[in-house]
Amino acid sequence: MRSFLSCVPDPVQVLTVALQRVRSASLERRPLEDRPLEVIRTLVVTLSGDVIPKMAPGNAAPWNVALQNRAPWPGDWGRGGRRWGLGIVGAIGLGTIVACGAPQPGPAGELGSGGGSPEDDRPAVVATSTILADLTATIAGETIDLTGLLQPGADPHVYEPVPQDSRALEQADLIIYNGHNLEPGLIKLIGSAGVEAEKLAAGEQMPPLDFEYQGQREPDPHVWGDVANTVIMVEAIEAALVDLVPDQAAVLRANGAQLRAELTQLDRWIETQIATIPEPQRRLVTTHDAFQYYAQAYGLSVVGTLIGMSTEEQPSAQTVQRLVEAVKTTAVPAIFAETTLNPQLIRTVAEEAGVILAPEELYSDSLGAVGSGAETYGAMMEANTRSIVENLGGEFVPFQATAPDR
């Protein structure tokens, strides 16, 4: 085993990149004092699994590059920031210890991929979002070296790429991204010089819903809310992987067919579950406008949201009050927060409107972490459906996929 000191990277770089990851996961959008364990857990997992292994001596970017791209220091977070200083330092120390005892990823193993070695001749594939990474992994299995850029809980709308993202994209043979400007920071990077991989905008394979933004119509990027759209994305990902690894075509097609069959069952199951909600209560109120596809596909109406399609927006006092009045008028029994966004304002809406804020937050732009019950696309859709059905007065029955007839 390597000596401990031989793997310890520059602490400035470690803190810089770790805080960027916490920022990109939107943890700073919610009061730190409310989520200490999540902050520390995110740092430890990020450091031990990704940042420290890639920034150890011999694999570190210049310190000045890290400083130029730094996230806010704890003191920049405002109230409660300094309170977590010691916790963050402790997380870095623990992450270093874990990372130094763990196998290190090879050149093709950037940012949480399968950890390719220098001898690994599998093609390198990069998926931007957690949803696309999950679908791609299910189809490809071990036929590719897959890198997922975003971590569970990260918000693709506001994610700011780090230097390791550029390296992964430049080394990729295939890049799978959502498109429709879901991940603007990464899309800009994908279109830059030096990125020569084949590219698939999986979320642009079907006609989108659209919305009005600053006087213009823009496509809604949250296409996976309708499982039928995800089936189309799976077909496109499968085709791109077959082109990339033709000698594995049989495996890829079999995996893709099985996934599509399961998704088709999931699609029908969601429809039957939503149908158990009394019709006057099939109304959805969420933090941001990410559930139009889901609502249209399964028979719900969206009463309103605090913000639009992008989480970069900030709601005004007038917007909050209008939503309160809409909730009162429609008499919905519950409204919903989301995992990637601060629940404080939607909680205020619930209190002022006199309705329940559903205890289970919805997963909108990202899968959940391991152990959340929403680690895969299918599990995420089931978790969201359960929360919606149970809180709007329906009768929930768990999803059970059946083996296809042979």
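Right above here is the structure, for reference.
Every value quoted in this text rests on a predicted model; they were computed, and no experiment measured them. (Residues numbered from 1 in each chain as written. Predicted model: local features only at pLDDT ≥ 70, side-chain atom pairs only at ≥ 80, totals over all residues. Heavy atoms only, no water.)

### Looking at the overall build of the chain
Stage number 1. Secondary structure assignment for the chain yields 13 helices and 10 strands.
Stage number 2. Within the chain, the proportion of its 406 residues that are buried is 51%.
Stage number 3. Here the analysis covers contacts within the chain between residues at least 6 apart in sequence; of these, 68% occur between residues at least 24 apart.
Stage number 4. Roughly 17900 Å² of accessible area belongs to the chain as shown, and the carbon and sulfur atoms make up 52% of that amount. (Helix = DSSP H or I, 4+ residues; strand = E, 2+ residues; numbered from the N terminus. Buried < 20%, exposed > 50% of the residue type's maximum accessible area, 1.4 Å probe, protein only. Contact = heavy atoms within 4.5 Å. Areas by Shrake-Rupley, 256 points an atom, 1.4 Å probe, with all protein chains shown as cover.)

### Thoughts on the sheet that holds strand S2 (residues 145-148)
Stage number 1. Across the sheet, which stays open at both edges, the four strands sit in the order S2-S1-S3-S4 with parallel pairing between neighbours. Strands at the two margins of the open sheet, each flanked by one partner only, are S2 and strand S4 (198-201). Averaged over neighbouring strand pairs, the angle between their axes works out to 20° when direction is ignored.
Stage number 2. Sheet analysis places strand S1 (residues 124-127) next to S2, joined by four bridges and oriented parallel. Note on S2: the bridge partner recorded for Val 125 is Leu 146.
Stage number 3. Relative to the sheet, helix H5 (residues 130-140) contacts S1, S2 and strand S3 (174-177), its axis offset from that of S2 by approximately 165°.
Stage number 4. Packing against the sheet, helix H8 (residues 227-244) makes contact with S1, S3 and S4, and its axis sits at approximately 175° to S3. (Pairing = 2+ DSSP bridges. Axes fitted to C-alpha atoms, helices over the stretch in contact; angles between N-to-C directions.)

### Quick look at the nonpolar core
Buried together is how nonpolar side chains tend to be arranged in soluble globular proteins.
Stage number 1. The biggest cluster of nonpolar side chains holds 59 residues, and the ones touching the most others in it are Tyr 377 and Ile 388.
Stage number 2. Broken down by secondary-structure element, the contributors of at least two residues to this core are S1, H5, S3, H8, helix H9 (249-274), helix H10 (292-298) and helix H13 (377-391).
Stage number 3. When residues of this core are assigned to their parent elements, the largest contribution, nine residues, is made by H8.
Stage number 4. The residues contacting Ile 388, other than those within four sequence positions of it, are Ile 274, Ile 277, Leu 284, Tyr 294, Leu 300, Phe 336 and Leu 362. (Core = buried A, V, L, I, M, F, W, Y, C linked by side-chain atoms within 4.5 Å.)

### Re H8
Stage number 1. Taking 1.5 Å per residue, 18 residues should reach 26 Å; H8 reaches 25 Å between its end C-alpha atoms and fits that length.
Stage number 2. If you check which residues of H8 are buried, you get Val 227, Asn 229, Thr 230, Val 231, Met 233, Val 234, Ala 236, Ile 237, Glu 238, Ala 240, Leu 241 and Val 242.
Stage number 3. By the N-cap criterion, in which a side-chain oxygen at the helix start approaches the backbone nitrogen of a residue two or three places on, H8 is capped by Asp 226, the distance to Ala 228 being 3.0 Å. (Expected span 1.5 Å × (residues − 1). Polar contact = N/O pair within 3.5 Å; in protein donor to acceptor, adjacent residues only side chain to side chain.)

### A closer look at the pattern of salt bridges
If charged atoms from side chains of opposite charge come close, those side chains can pair.
Stage number 1. Counted according to the given criterion, the structure contains five salt bridges.
Stage number 2. Notably, a salt bridge pairs Arg 217 with Asp 210, separated by 3.0 Å at the nearest N-O pair.
Stage number 3. Residue Asp 210 is classed as partly exposed on the basis of its relative accessible area of 43%.
Stage number 4. Its salt-bridge partner being Glu 390, residue Arg 386 comes within 3.1 Å of it at the nearest N-O pair. With a gap of four residues between them, Arg 386 and Glu 390 both fall in helix H13, about one helical turn apart.
Stage number 5. Residues joined by salt bridges that share partners form a network here, namely Arg 122, Glu 142 and Asp 145. (Salt bridge = Lys/Arg side-chain N within 4 Å of Asp/Glu carboxyl O.)

### Comments concerning the environment of Val 370
Stage number 1. Along the chain, the position of Val 370 falls in the loop between strand S10 (356-357) and H13.
Stage number 2. Its relative accessible area of 81% is what places Val 370 among the exposed residues.

### Quick notes on unusual backbone geometry
Stage number 1. Phi at His 180 takes a positive value of approximately 55°, unusual for a residue other than glycine.
Stage number 2. In this fold, His 180 is placed in the loop between S3 and helix H7 (184-190).
Stage number 3. The backbone of Ala 331 sits at a positive phi, close to 55°, despite the residue not being glycine.
Stage number 4. Here Ala 331 shows up in the loop between helix H11 (317-330) and strand S9 (334-335).

### Things to note about the pairing of S4
Stage number 1. Looking at chain direction, S3 and S4 are connected through four bridges and run parallel. Bridge pairing in S4 links Tyr 177 to Ala 201.
Stage number 2. In terms of handedness, the path from S3 via H7 over to S4 forms a crossover that is right-handed. (Right-handed = clockwise from strand over helix to strand, strands pointing away.)

### Section: the packing of aromatic side chains
Stage number 1. The tally for this structure, following the rule as stated, stands at four aromatic pairs.
Stage number 2. Note on Tyr 294 and Tyr 298: the rings are 5.1 Å apart at their centroids and 65° apart in plane angle, and the pair reads as edge-to-face. Placement of the pair is Tyr 294 and Tyr 298 together in helix H10, with a separation of four residues, close to one helical turn. Neither Tyr 294 nor Tyr 298 differs from the other in exposure class; each is buried.
Stage number 3. What links up through ring pairs into an aromatic cluster is the set Trp 269, Phe 396 and Phe 399. (Phe/Tyr/Trp six-rings, centres within 6.5 Å; stacked < 30°, edge-to-face > 60°.)

### Quick look at the packing of H8 against H9
Stage number 1. With their axes 9 Å apart at the nearest point, H8 and H9 run at an angle of 175° to one another. With respect to their mutual orientation, H8 and H9 come out roughly antiparallel. Here Val 227, Ala 228, Thr 230, Val 231, Val 234, Glu 235, Glu 238, Leu 241 and Val 242 of H8 lie close against H9, whose contacting residues are Ala 249, Leu 252, Arg 253, Gly 256, Ala 257, Leu 259, Arg 260, Leu 263, Thr 264, Leu 266, Asp 267 and Ile 270.
Stage number 2. Here the residues of the contact of H8 with H9 sort into 13 nonpolar, three polar and five charged. (Parallel < 35°, antiparallel > 145°, perpendicular 65-115°, else oblique. Nonpolar A, V, L, I, M, F, W, Y, C, P; charged D, E, K, R; others polar.)

### Quick notes on the environment of Ala 379
Stage number 1. Here Ala 379 lies in helix H13.
Stage number 2. Those residues in contact with Ala 379, other than ones at most four positions away along the chain, are Gly 373 and Ala 374.

### Observations regarding the packing of H11 against helix H12 (residues 344-353)
A pair of packed helices is characterised by two quantities: the angle between their axes and the separation of those axes.
Stage number 1. In the contact formed by H11 and H12, the axes pass within 9 Å of each other and the chain directions differ by 45°. Regarding the angle of H11 to H12, the classification is oblique. Regarding H11 and H12, the two cross each other, and that crossing is right-handed. Residues Val 320, Gln 321, Leu 323, Val 324, Val 327 and Lys 328 of H11 pack against Leu 345, Ile 346, Val 349, Glu 352 and Ala 353 of H12. (Left-handed = near helix turned anticlockwise from the far one by under 90°.)

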